[in-house]
2 protein chains.
Amino acid sequence: MQSRTPASRTGRPRNAAADTAILAATRQALVELGWSKLTLGDVATRAGVAKTTLYRRWAGKNELVVDAVAELFDELELPDRGSLANDIEGVVLQFAAILDRPEARSGLMAAVAESTRDDALRERIRASIVDRQKRLVLEGRARAQCRGELPSEPDPEEAARTVDLIFDMVAGAVVHRTLMSGKPADAEWVRDFTRVLLLGLAGGTQDTP
Amino acid sequence: MQSRTPASRTGRPRNAAADTAILAATRQALVELGWSKLTLGDVATRAGVAKTTLYRRWAGKNELVVDAVAELFDELELPDRGSLANDIEGVVLQFAAILDRPEARSGLMAAVAESTRDDALRERIRASIVDRQKRLVLEGRARAQCRGELPSEPDPEEAARTVDLIFDMVAGAVVHRTLMSGKPADAEWVRDFTRVLLLGLAGGTQDTP
DNA sequence: GAGCTTTCGCTACGCCTCGTAGCGTAATAC
DNA sequence: GTATTACGCTACGAGGCGTAGCGAAAGCTC
């Protein structure tokens, strides 16, 4: 996950439990201290490992926090709730619930801030968080096209653009609502948002449910 | 702007030029160093003032960077370009251009990250950045309603909700596209985005231009 | 002008964190 | 056994933080 697994077959193996303990301790420290006051020495103490062990596995605070936060977003699921509107509302509410947790808020935004000056970190975030969750858009879109709720797009290039656009609109709106405007993405807001998004995507050819 | 103006009529007045010099030095340091490696001592040296002077005017790194970044967003304007679609495309492209500047990227996101654990800082961001730019949505919306491009909303409470929703959708999508997806919010993307947003807002009763 | 008030530049300081080096020990593969 | 790697621990220099204290400068009031 973090640095390397060079198929080292010899020597003492790494303690796998330490990884989960360190990542859990990182999230706990994010809750109690936030990003700026989080120190690697403190995380090591919480996890019950030596500080040097932590440095042997992660390059620094940035990489550690990205890995710790990325696990949070793997909880996202997209159960079939019968309609595209219900599917979107469900996943948006899940996403909002994750962003309600302080370890996700401060950790994610701080990592994104650092990634503006660190290409490797940006790629790490993209691979372990952003691109991983794009699967939700792809799945929901495929379902909706099967149901006839969305027009099928023959041009694969244009379809990819649309997927990216939807992803940025959904995730961006929730993040902005939660962190910038500072208001909750509650059921009422999610309903309004989903209505506008669906009308826009359906090309204005569909009635309001 | 920063700390206090208690109508201190007596004593040596503050050097107003130092404020602008400090904020400009902060932006320059953000460009060259980024948030995490920016130090107040370095900013003071760049601005040609003593470090103690800096601490007399700002409480810390967070507040200083918020003020330095807030000035960037005051450049946003909303010239009348004839149609709601053109107005939106114009302001989104302006917003994207600001987010293209490294001092805006790292400074804004880091401040938002810190604000998740600092209520005073969150309020400072809301007042000096977020709420200030909501004027653009209000103005564009009023224009569009005059043109008949958007339905008028009699219920003031629902109208306020709609304004908030539009603001979060526009700003959130651009920020997410730029910083999370790491792709440019170029003319093509802005056109696609505006089309979806407008279809959603018009309630599906309008043709694609 | 004299006197008061506030700001400014400068130096110095204790505190904390960072990231690394070095050592001895533990755990596994061959 | 031996080789190899991981681990815990201690110690260290480097550097930033935020503050205190000082003398000097720049205003206002009288």
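Calculation criteria
- Residue indices follow the written sequence of each chain, beginning from 1 at its first position.
- Just so you know, chain letters begin at A and ligand numbers begin at 1, following the order they were written in.
- Residue-level local features of this predicted model are given only where pLDDT is at least 70; pairs of side-chain atoms are given and counted only at 80 or more, and the full residue set underlies all totals for whole chains, interfaces and linings.
- Hydrogens and waters are ignored; side-chain quantities use all the structure's heavy atoms.
- Helix numbers and strand numbers start at the N terminus; a helix is a DSSP run of H or I with at least 4 residues, a strand a run of E with at least 2.
- Pairs of residues are marked as contacts when any of their non-hydrogen atoms sit within 4.5 Å.
- Accessible surface is estimated by sampling points in the Shrake-Rupley manner with a 1.4 Å probe; for residues, cover comes only from the protein chains shown.
- Think of it this way: Lys and Arg go in the positive column, Asp and Glu in the negative one, and His and the chain ends go nowhere.
- Lysine's charge is taken at NZ, arginine's at CZ, aspartate's at CG and glutamate's at CD.
- What counts as an axis is a line fitted to C-alpha atoms, over the stretch in contact for a helix, and the angles between N-to-C directions run from 0 to 180 degrees.
- The handedness criterion is simple: a crossing whose near helix is rotated anticlockwise from the far helix by less than a right angle is left-handed, and one whose near helix is rotated clockwise is right-handed.
- Only Asp, Glu, Lys and Arg are considered charged in this grouping, and only Ala, Val, Leu, Ile, Met, Phe, Trp, Tyr, Cys and Pro are considered nonpolar; every other residue, Gly among them, is considered polar.
- Buried surface area refers to the total accessible area, computed with a probe of radius 1.4 Å, that the two partners give up upon joining, counted for both partners together.
- When a carboxyl oxygen of Asp or Glu is within 4 Å of a side-chain nitrogen of Lys or Arg, the pair counts as a salt bridge.
- Definition of a polar contact: a pair of N or O atoms within 3.5 Å, with one able to donate and the other able to accept a hydrogen when the atoms are protein atoms, and with sequence-neighbouring residues admitted only if both atoms are side-chain atoms.
- UniProt positions are given in the numbering used here, feature names are shortened, and annotations may be inferred rather than shown by experiment.
- What a helix should span is 1.5 Å times the count of its residues minus one.
- Here the word oblique covers every angle except those under 35 degrees (roughly parallel), over 145 (roughly antiparallel) and from 65 to 115 (roughly perpendicular).
- Classification of residues uses two cut-offs on accessible area relative to the type maximum, computed with a 1.4 Å probe and protein chains only: under 20% is buried, over 50% is exposed, and between them is partly exposed.
- Buried Ala, Val, Leu, Ile, Met, Phe, Trp, Tyr and Cys residues that are joined via side-chain atoms within 4.5 Å together make up what is termed a nonpolar core.

Colleague: Mind showing me how you'd approach the overall build of chain A here?
Modeller: Across its full length, chain A holds 9 helices and 0 strands. Each helix (α) and strand (β) of chain A, taken in turn from the N terminus, gives the series α-α-α-α-α-α-α-α-α. Dimensions along the principal axes, computed over C-alpha positions, put chain A at roughly 60 × 40 × 30 Å. Considering only residue pairs separated by 6 or more positions, chain A has 65% of its internal contacts joining residues 24 or more positions apart. Accessible area for chain A stands at about 9,800 Å²; split by element, carbon and sulfur atoms hold 51% of it. Measuring between centres, the 29 positive side-chain charges of chain A sit 8 Å from its 31 negative side-chain charges.

Colleague: Before we go on, may I ask you to explain the packing of helix α9 (residues 187–201) of chain A against helix α9 (residues 187–201) of chain B in this structure?
Modeller: Between two packed helices, both the angle of their axes relative to each other and the distance between the axes serve to describe the pair. At a minimum axis distance of 7 Å, the contact between α9(A) and α9(B) shows a crossing angle of 115°. The two elements α9(A) and α9(B) cross, and the hand of that crossing is right-handed. Only Val196(B), Leu197(B), Leu199(B), Gly200(B) and Leu201(B) of α9(B) make contact with α9(A), whose side of the interface consists of Val196(A), Leu197(A), Leu199(A), Gly200(A) and Leu201(A). Across the contact of α9(A) with α9(B), the residue classes tally to 8 nonpolar, 2 polar and no charged.

Colleague: For this particular structure, what's the right way to read the interface of chain B and chain A?
Modeller: Reports of interface size often rely on the accessible area that becomes lost once the parts have come together. Each partner contributes residues to the interface: chain B has 47 residues there, and chain A has 47 residues. If you sort the residues of chain B by the area they bury against chain A, Arg117(B), Asp168(B) and Met180(B) come out on top, with a joint share of 16%. Here chain B and chain A share 6 salt bridges between them. Here Lys183(A) makes a salt bridge to Asp164(B), at a shortest N to O gap of 2.7 Å. Joining chain B to chain A, the criterion identifies 16 residue pairs in polar contact (both at pLDDT 80 or more).

Colleague: Help me understand the UniProt feature "domain: HTH tetR-type" (unreviewed entry) in chain A in this model?
Modeller: According to UniProt, the "domain: HTH tetR-type" (unreviewed entry) feature falls on residues 16–76 of chain A. Secondary structure across residues 16–76 of chain A divides into 82% helix and 0% strand, with the first and last C-alpha atoms of the span separated by 24 Å.

Colleague: Honestly, helix α7 (residues 119–147) of chain A in this entry has me stumped. Any pointers?
Modeller: Along an α-helix, a turn takes 3.6 residues, which lines up residues three or four apart on a common side. All names here are of chain A. End to end, α7 covers 40 Å across 29 residues, agreeing with the expected 42 Å (1.5 Å per residue, within 8%). At the N-terminal end of α7, a side-chain oxygen is found 3.1 Å from the backbone nitrogen of Ala120, two or three residues along, and the residue is Asp118. Two residues or fewer past α7, Gly148 is found with a positive phi of approximately 85°.

Colleague: Just checking my understanding: could you explain the packing of helix α4 (residues 61–73) of chain A against helix α6 (residues 102–115) of chain A for this structure?
Modeller: All names here are of chain A. In contact at an axis separation of 9 Å, α4 and α6 are set at 130° when each is read in the N-to-C sense. The angle between α4 and α6 places the two elements in the oblique class. As α4 packs across α6, the resulting crossing turns out to be left-handed. Along its contact with α4, which presents Asn62, Val65, Val66, Val69, Leu72 and Phe73, the element α6 presents Glu103, Ala104, Gly107, Leu108, Ala111 and Glu114. The residue makeup of the contact of α4 with α6, split by class, is 8 nonpolar, 2 polar and 2 charged.

Colleague: So what exactly am I meant to see when it comes to the side chain of Arg57(B) here?
Modeller: All names here are of chain B. The topology assignment puts Arg57 in helix α3 (residues 51–57). On the accessibility criterion, Arg57 (6% relative accessible area) is buried. Among the polar contacts listed, one links the side chain of Arg57 to the backbone oxygen of Asn15, at a separation of 3.2 Å.

Colleague: Where do I start with the nonpolar core in this structure?
Modeller: Soluble globular proteins tend to bury their nonpolar side chains together. In this structure, Phe73(A) and Phe73(B) are the most contacted members of the largest nonpolar core, which totals 134 residues. For Phe73(B), the residues in contact, after removing those within four places along its chain, are Phe95(B), Ile98(B), Leu99(B), Leu108(B), Ile129(B), Gln133(B) and Arg135(B).

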